[in-house]
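The residues making up each chain are set out below.
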Amino acid sequence: MRDPRHDILFEPVKIGPVTAKNRFFQVPHCNGMGHAMPLAHAAMRETKAEGGWAVVSTEECEIHPSGDLTPYVEARLWDDRDIPALALMCDKVHAHGALAALELSHNGPTASNLYSREVLIAPSPQPTKYGYPHQARAMTLHDIREYRRWHREAAIRGKRAGMDIIYVYAAHDLSLAMHFLQRRRNQRSDEYGGSLENRVRLLREVLQDTKDAVGDTCAVALRFAVEEGLGSGGVELAEAQEIVGMLAELPDLWDVNLAAWYNDSVPSRFAAEGAQEPFIAFVKKTTSKPVVGVGRFTSPDTMVSQLKRGMLDLIGCARPSIADPFLPKKIEEGRADDIRECIGCNVCVSGDMTISPIRCTQNPTMGEEWRKRWHPERIAPKRSAARVLVVGAGPAGLEAARALGQRGYEVSLAEARRELGGRVARESRLPGLAEWARVRDWRIGQIRKLANVAVYLDSALTAQDVLDFGAEHVVLATGCRWRHDGCGRSHGFAIPGLAENPRVFTVDDLMDGRLPEGKVVVYDDDGYYHASVAAELLRLRGCEVIHLTPEDSLAPWTLNTLDYRHVRKRMAELGIEALVSHEVTGYAGSALTVEDVWTHRQRELACDAVVTVTARLPDDALYQELCRREAEWMDAGVSSLRCIGDAEAPGLIAHAVYAGHRYARELEEPADGEVAFRRHFHSADADDLRRPHGQPPGRRSQETL
């Protein structure tokens, strides 16, 4: 039964000519599928609608070839041929009583046009944003009229596809409408440049055009960034207040946030839930129209607070809707403790950045709704009465035990340590990573509700123990350990002086409480978060720290998770020295020999200790021993043995959770061909994209798309 305190979350909200059935609004978010994988994209959005979101939005949708975002895969409405893909999404979203929203965008100088090869356009001549050696030309008044026409025609196509809300996009430094607002991008001297009123002119015109074109049946939303954090060159809060005042009643909905994306979707290491409130609080005081905003909201009590204190009318979510597409329904049904809370790691963002389908650490079904027919809440029942032994209760083992238990198998989960969670429990005690414990906590909470899952702590098992246990299926999720010897991407062999050296530490040592003192070099050949977190920990403990890497930048993979700028700022604030493009070649006494990777010049650094963050070794000794004793399996009743997660191949926590979930899904299930997932180019579901919008599906066709 729903908590009465949360009733306000389920009140309908009128947005122009349409009504949202509740206050849960999945704001636009990228997903790496878009126009290239429309069936997968539609299924992912449908799952959100099924989960109770009143509004389900697309990602950015290109309106014209001159705003081509290649290599990034977003939505697309260049012409009528793009309508069926978005119509499919609308059909599936509407089937669950939700509204479909479309975020139209032309990215001007922040596009690439690598596919279309059109000349980039911008308010004024300027280089492209993302480093392509090309510039955008200044738009003429004719170009501005054409841009308005493209936007209007795309809005009409969106309406024909079945969209209920059409966005005008002026946020994230990713759209022409915003670029005209920015003094650094708009240096025009005509009626579209100079004064704030002139710079707002195009945004006002596009809003009015969109309302005139589709406003009879579609709501028109304005997504607007109220602060860029760039000083006078960007949109500042005081100026944003004037802009909202100028346009207050024109859109049917205000969707407000921060720019750029790395300030909007800040990782949890650097921002707490609701961090945008100080910036967007003024909007509701300025307009009578409904306001939606984001803040990585996962707590229903926080959501209610936002509404009752007059911050928002609708609770906007991107990342929380990815971690748990059924978040609204769980609150509605009084099951808030079942919410799979977002941990703010931004692995979801990395899908877009790496031009691959979206993934989630907490929700291993994200991106697999169509491809593998995985549902975040439902799973096939067990195939037999077989018992399963899961060894290791880290992220892979916990997820395997939970999902197997959900299927109905009798599961025994054995953990060698005295706490559950494995690397998640240990890493969550490092600076800034506390919310990552949600990966452990949610799974423990779900397992405790399953009478068919037994948990054994402080239970290190030998191969003989496993054979004597009597389980038909055995899955080993025994984790991994960091190497001491420096072997990794840059070194295929151990670095002289590191192995067996008491002055050399690993991330495991730090998590175990064994910490160096004095001057410490953190050697990062991994490139993600571990080294910067280790450097921060040691600096906070009083060490003098040098963060050294053979890469040309610190923690380069964090660019994919929007951590990078925040990492660099944190390192600078703490006084951690960055030494890039240098390799470690030896360590003797207190002298660390380093080499410039480009000139090969060597020098010595005096340091009291080195922390290596290079490669990891699977803790797979138990698996190897059981493989050697395969001849004994039959007599012991063991019919299958698997090694999963970090014990198979160390990776992200997301990889481990996915491995555990996949094992549970596939146990005793028949193999579905050599390729274990569907592909768009030969799908029998292709008819969904060929039929006119609104026509019921008929006989399936095997034709290619």
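Residues numbered from 1 in each chain as written. Predicted model: local features only at pLDDT ≥ 70, side-chain atom pairs only at ≥ 80, totals over all residues. Heavy atoms only, no water.

The name recorded for the chain in an unreviewed UniProt entry is NADH:flavin oxidoreductase, from Rhodanobacter thiooxydans.

S.K.: What's the story with the nonpolar core in this structure? I'm lost.
M.R.: Considering soluble globular proteins, one finds that nonpolar side chains tend to be buried as a cluster. Leu 9 and Phe 224 are the most contacted members of the largest nonpolar core, which totals 99 residues. At 8 residues, the largest contribution of residues to this core is made by helix α5 (residues 196–214). Beyond its immediate stretch of four places on either side in the chain, Phe 224 contacts Ala 170, Ala 171, Leu 181, Val 235, Ala 240, Ile 243, Val 244, Trp 254, Asp 255, Val 256 and Asn 257. Grouped together as the second largest cluster of nonpolar side chains are 39 residues, Trp 482, Val 507, Ala 531 and Val 567 included. (Core = buried A, V, L, I, M, F, W, Y, C linked by side-chain atoms within 4.5 Å. Buried < 20%, exposed > 50% of the residue type's maximum accessible area, 1.4 Å probe, protein only. Helix = DSSP H or I, 4+ residues; strand = E, 2+ residues; numbered from the N terminus. Contact = heavy atoms within 4.5 Å.)

S.K.: Looking at this structure, how should I read the domain arrangement of the chain?
M.R.: When the parts come together, some accessible area is lost, and that loss is often what is quoted as the size of the interface. Here the domain parsing of the chain yields domain 1 (4–354), domain 2 (387–479 + 619–666) and domain 3 (482–616). Its C-alpha centre places domain 1 at a distance of 39 Å from the equivalent point of domain 3. Taken together, the contact between domain 1 and domain 3 spans 15 residues of the former and 16 residues of the latter. With both chains or domains summed, domain 1 and domain 3 bury close to 1,300 Å², and 60% of this area falls on carbon and sulfur atoms. For domain 1, the biggest contributors to the area lost against domain 3 are Tyr 262, Arg 269 and Phe 270; these three give 54% of the whole. Our enumeration of links across domain 1 and domain 3 arrives at 1 salt bridge. Between Arg 269 and Glu 536 there is a salt bridge, with the nearest N and O atoms lying 3.4 Å from each other. Between the two partners, domain 1 and domain 3, sit 6 residue pairs in polar contact (both at pLDDT 80 or more). At the level of elements, α7 (261–264) and α13 (347–353) are the ones that each hand at least two residues to the side of domain 1 that touches domain 3. Looking at the side of domain 1 that touches domain 3, the element that brings in the most residues is α13, giving 4 residues. (Domains from an automatic or database assignment. Buried area = accessible area lost by both parts, 1.4 Å probe. Salt bridge = Lys/Arg side-chain N within 4 Å of Asp/Glu carboxyl O. Polar contact = N/O pair within 3.5 Å; in protein donor to acceptor, adjacent residues only side chain to side chain.)

S.K.: When you look at the UniProt feature "domain: FAD/NAD(P)-binding" (unreviewed entry) in the chain in this model, what are you seeing that I'm missing?
M.R.: According to UniProt, the positions carrying the feature "domain: FAD/NAD(P)-binding" (unreviewed entry) are residues 387–624. Helix makes up 28% of residues 387–624 and strand 27%, whereas the separation of the span's terminal C-alpha atoms amounts to 22 Å. (UniProt positions renumbered as here; feature names shortened; annotations may be inferred.)

S.K.: Looking at this structure, I do not really get the UniProt feature "domain: NADH:flavin oxidoreductase/NADH oxidase N-terminal" (unreviewed entry) in the chain. What am I missing?
M.R.: The UniProt record annotates "domain: NADH:flavin oxidoreductase/NADH oxidase N-terminal" (unreviewed entry) at residues 9–337. When the span residues 9–337 is considered, its composition is 34% helix and 18% strand, and the gap between its end C-alpha atoms is 17 Å.

S.K.: Help me understand the packing of aromatic side chains in this model?
M.R.: The way to describe two aromatic rings as a pair is by their centre distance and the angle between their planes. Counted by the stated rule, this structure contains 9 aromatic pairs. Lying across the ring of Trp 78, Arg 76 places its NZ or CZ 4.0 Å from the centre. (Phe/Tyr/Trp six-rings, centres within 6.5 Å; stacked < 30°, edge-to-face > 60°. Lys NZ or Arg CZ within 6 Å of the ring centre and 35° of its normal.)

S.K.: What's the story with the sheet that holds strand β7 (residues 121–122) in this structure? I'm lost.
M.R.: Each strand in a sheet pairs with its neighbour through backbone hydrogen bonds, running either in the same direction (parallel) or in the opposite one (antiparallel). Here we have 3 strands laid out as an open sheet, ordered β7-β9-β8, and mixed in their pairing. Each edge of the sheet is formed by a strand with only one pairing partner; in this case those strands are β7 and β8 (126–127). (Pairing = 2+ DSSP bridges.)

S.K.: What is the right way to read the pattern of salt bridges from this model?
M.R.: Between side chains of opposite charge, pairing is possible as soon as their charged atoms come close. Evaluated as defined, the whole model comprises 63 salt bridges. Among the salt bridges present, the one from Arg 407 reaches Glu 669, with a minimum N-O distance of 2.6 Å. Of the two residues, Arg 407 is situated in helix α14 (residues 395–407) and Glu 669 in the loop between α23 (653–666) and α24 (687–690); the sequence distance between them amounts to 262 residues. Residue Arg 407 is classed as buried on the basis of its relative accessible area, which comes to 3%. Through salt bridges with shared partners, a single ionic network connects Lys 129, Asp 173, Arg 184, Arg 185 and Glu 228.

S.K.: Teacher, can you tell me more about empty space enclosed by the protein here?
M.R.: Counting across every chain of the model gives 5 cavities of 30 Å³ or more. Of the volumes computed, that of the largest cavity is approximately 80 Å³. Lining the largest cavity are 13 residues; nearest its centre among them are Cys 342, Cys 345, Cys 348, Cys 360 and Thr 361. For the lining of the largest cavity, the secondary structure elements donating two or more residues are α11 (319–323) and α13. The element that contributes the greatest number of residues to the lining of the largest cavity is α11, accounting for 3 residues. Its residues assigned to classes, the lining of the largest cavity comprises 8 nonpolar, 4 polar and 1 charged. (1 Å grid on protein atoms, 1.4 Å probe; cavity = no way out; pocket = protein on both sides within 12 Å on 5 of 7 lines; lining within 4 Å. Points joined across faces, edges and corners; volume = space filled by probe spheres on them. Nonpolar A, V, L, I, M, F, W, Y, C, P; charged D, E, K, R; others polar.)

S.K.: Help me understand the environment of Glu 630, please; the structure alone is not making it clear to me.
M.R.: Note on placement: Glu 630 falls in the loop between α21 (621–628) and α22 (633–636). Spatially, the C-alpha atom of Glu 630 lies 9.9 Å from that of Ser 640, the residues being 10 residues apart in sequence.

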